[in-house]
Amino acid sequence: MSEILSQAEIEVLLKELQGDAAGGETAGASDTPAAPADAPVSSRIPAPGFGNQGGKTIAYEVYDFRRPDKFSKEQLRTLQMLHETFARLASSALSAYLRSPVQVELISLEQVPYEEYLLSINRSVFTIISLPPLTGQAVMEIEFSLVFAILDRMLGGTGKSFDRSTLTDIERPLVTQVLERFFQALKSSWESIVMLSPGVEGMETSTQFVQVAPPNDIVITILFEVRVGNQRGAMSLCIPYLVLKPITQKLNAQKWFSAGERRGNSTTRAIWGAHIGKVGVPCAVRLGSARILVRDFIALNAGDVLKLDRETDQDMDFTVGNIVKFYGRPATSGRKLLFTISGRATE
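Residues numbered from 1 in each chain as written. Predicted model: local features only at pLDDT ≥ 70, side-chain atom pairs only at ≥ 80, totals over all residues. Heavy atoms only, no water.

Here we come to the overall build of the chain. Of regular secondary structure, the chain possesses 9 helices and 12 strands. Buried positions account for 30% of the 347 residues belonging to the chain. A total accessible area of about 23400 Å² is found for the chain, and carbon and sulfur atoms account for 54% of it. (Helix = DSSP H or I, 4+ residues; strand = E, 2+ residues; numbered from the N terminus. Buried < 20%, exposed > 50% of the residue type's maximum accessible area, 1.4 Å probe, protein only. Areas by Shrake-Rupley, 256 points an atom, 1.4 Å probe, with all protein chains shown as cover.)

Spelled out as structure tokens, the structure:
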């Protein structure tokens, strides 16, 4: 069989192709109305070649290679929950510290290039912070109007703001005291993920001196609205992706909730132990007791002897907060009087 078509066969094929093309155009014109020239482009478009096969469509999302997504939606939701907790704790801490109603509200959380974050900010106090045990630095930004409203309230004012863009040498330590309240709230809100120890590394008033990440690196920006009395302003927290990269697996909400009880118990015990270890309690050694009449008590003088209800070879009681906890006997070391514990009291 020859592989070369004759002229007649070529003409037959061309006629069939022209007929199919004409039929397809007619069917398309009759079945589907023409879209107007200014119709908006939909995010779901018909797949080429499937228009006559059940109307199959495909979905797509715009992907900008200059802004790659480093965090999944689930990880972003976990971060949002953490910083909603931070906002509540910060509100309570600042309200008690300033003796004025303070409300901190989470507005948005997104991942953007660091350069874009800096371009969106103007006239703010930038605090460069460290987050050990995480490596790297983050930024906490507070608008000047909000900073001066807080400082005015701290110094006995009504919370009035001032139109300035610099901090004096006296105002900087006061701002640091406010930041310590924010740090404590941040530490408490993150304790289910990692025990942070935030600290101030520097304080700037210009973005050109705040370089905690390369311009194109992705960062997490958390925007808050802070209300102090009648004043309101913006505050933001910027954490580079490289700082959070070692714990991204812990930001999985499912793992967080499933292991939350175990982590919470161990974390809670450590926190309670640290706080309770600094509490002072009264301790005393009880020699014994005796019952006497009131008239004998009034008549007591130096040199009188009272007979106690304890033998000389019996252990004495060691009390902690009026509760017997140990037994033991007195001893001496040089010119000091000691108490030797011989056993624990049974409850």
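The next point concerns the packing of helix α4 (residues 144-154) against helix α5 (residues 171-190). Relative placement of two packed helices is described by the angle separating their axes and the distance separating the axes. Running from amino to carboxyl end, α4 crosses α5 at an angle of 95 degrees, the nearest separation of the two axes being 10 Å. Put simply, α4 runs roughly perpendicular to α5. Across the interface between the two elements, Val147, Phe148, Ile150, Leu151 and Met154 from α4 touch Glu171, Leu174, Val175, Gln177 and Val178 from α5. For the contact of α4 with α5, the residue count by class is 8 nonpolar, 1 polar and 1 charged. (Axes fitted to C-alpha atoms, helices over the stretch in contact; angles between N-to-C directions. Parallel < 35°, antiparallel > 145°, perpendicular 65-115°, else oblique. Contact = heavy atoms within 4.5 Å. Nonpolar A, V, L, I, M, F, W, Y, C, P; charged D, E, K, R; others polar.)

So, on to the packing of aromatic side chains. What the rule picks out here adds up to 7 aromatic pairs. Between Phe144 and Phe148 the ring centres are 5.8 Å apart and the planes differ by 20 degrees, which places this aromatic pair in the stacked class. Of the two residues, Phe144 and Phe148 both sit in helix α4, 4 residues apart, roughly one turn of that helix. Judged by its relative accessible area of 1%, Phe148 is buried. Aromatic rings pair up to connect Phe86, Phe182 and Phe224 into one cluster. The ring of Tyr97 carries the charged tip of Arg181 above its face, separated from the ring centre by 3.8 Å. (Phe/Tyr/Trp six-rings, centres within 6.5 Å; stacked < 30°, edge-to-face > 60°. Lys NZ or Arg CZ within 6 Å of the ring centre and 35° of its normal.)

Ordered by their spatial adjacency, 4 strands build an open sheet running β9-β10-β11-β12, and the pairing between neighbours is antiparallel. Edge positions in the sheet fall to β9 (283-286) and β12 (336-344), since each has one partner strand and no second. Strand-to-strand twist across the sheet, computed as the mean angle between neighbouring axes with direction ignored, equals 40 degrees. Two elements, strand β11 (residues 323-333) and β12, share 8 bridges in a ladder whose sense is antiparallel. Counterpart to Arg329 in the pairing with β12 is Thr340. (Pairing = 2+ DSSP bridges.)

In spatial order, the strands read β3-β7-β8-β5-β4-β6; together these 6 strands make up an open sheet with antiparallel pairing. Each end of this open sheet is capped by a strand with a single partner; those strands are β3 (102-113) and β6 (199-204). Averaged over all pairs of adjacent strands, the angle between their axes in this sheet comes to 20 degrees, without regard to strand direction. In terms of strand pairing, strand β5 (residues 137-143) meets strand β8 (residues 231-240) through 4 bridges, oriented antiparallel. Along β8, the bridge assignment pairs Val139 with Cys238. Along the sheet, helix α2 (residues 73-98) makes contact with β3, β5, β7 (218-228) and β8, crossing β3 at roughly 150 degrees. Running over the sheet, α5 touches β4 (124-130), β5, β6 and β8 and is turned about 135 degrees from β6.

Right, let's get into the confidence of the model for the chain. Per-residue confidence for the chain averages 81 on the pLDDT scale, and 80% of its residues sit at or above 70. Mean pLDDT values for the elements of the chain range from 37 in strand β1 (residues 44-46) up to 94 in β5. Under a pLDDT of 50 for its full length, residues 26-53 has, in the predicted model, 18 contacts with residues more than four places off or in other chains. (pLDDT = per-residue confidence, 0-100.)

Where nonpolar side chains cluster on the molecular surface, the patch consists of Val285, Leu287, Ile292, Val294, Phe297, Ile298, Leu300, Leu306 and Leu308 and spans about 840 Å² of accessible area. In terms of residues, the nonpolar patch owes the most to one element, helix α9 (residues 294-298), which gives 3 residues. If you trace the backbone, Leu306 turns up in the loop between α9 and β10 (316-320). In this structure Leu306 comes out as partly exposed when scored by relative accessible area, which is 44%. (Patch = residues over 30% accessible without salt bridge, like charges linked within 9 Å, V, L, I, M, F, W, Y side chains within 5 Å. Salt bridge = Lys/Arg side-chain N within 4 Å of Asp/Glu carboxyl O.)

Relative to the assigned elements, Asn301 resides in the loop between α9 and β10. Among the residues examined, Asn301 registers a relative accessible area of 57% and is labelled exposed. A polar side-chain atom of Asn301 sits 3.3 Å from the main-chain carbonyl oxygen of Ala299. (Polar contact = N/O pair within 3.5 Å; in protein donor to acceptor, adjacent residues only side chain to side chain.)

The subject of this paragraph is the pattern of salt bridges. Tallied over the full model, the rule gives 7 salt bridges. We note a salt bridge from Arg286 to Asp317, for which the minimum N-O separation is 3.9 Å. Of this pair, Arg286 sits in strand β9 while Asp317 sits in strand β10; the two residues are 31 residues apart in sequence, bridging distant segments of the chain. Judged by relative accessible area, Arg286 falls into the partly exposed class, the value being 36%. Across the pair Arg329 and Asp315 runs a salt bridge, and its minimum N-O distance is 2.9 Å.

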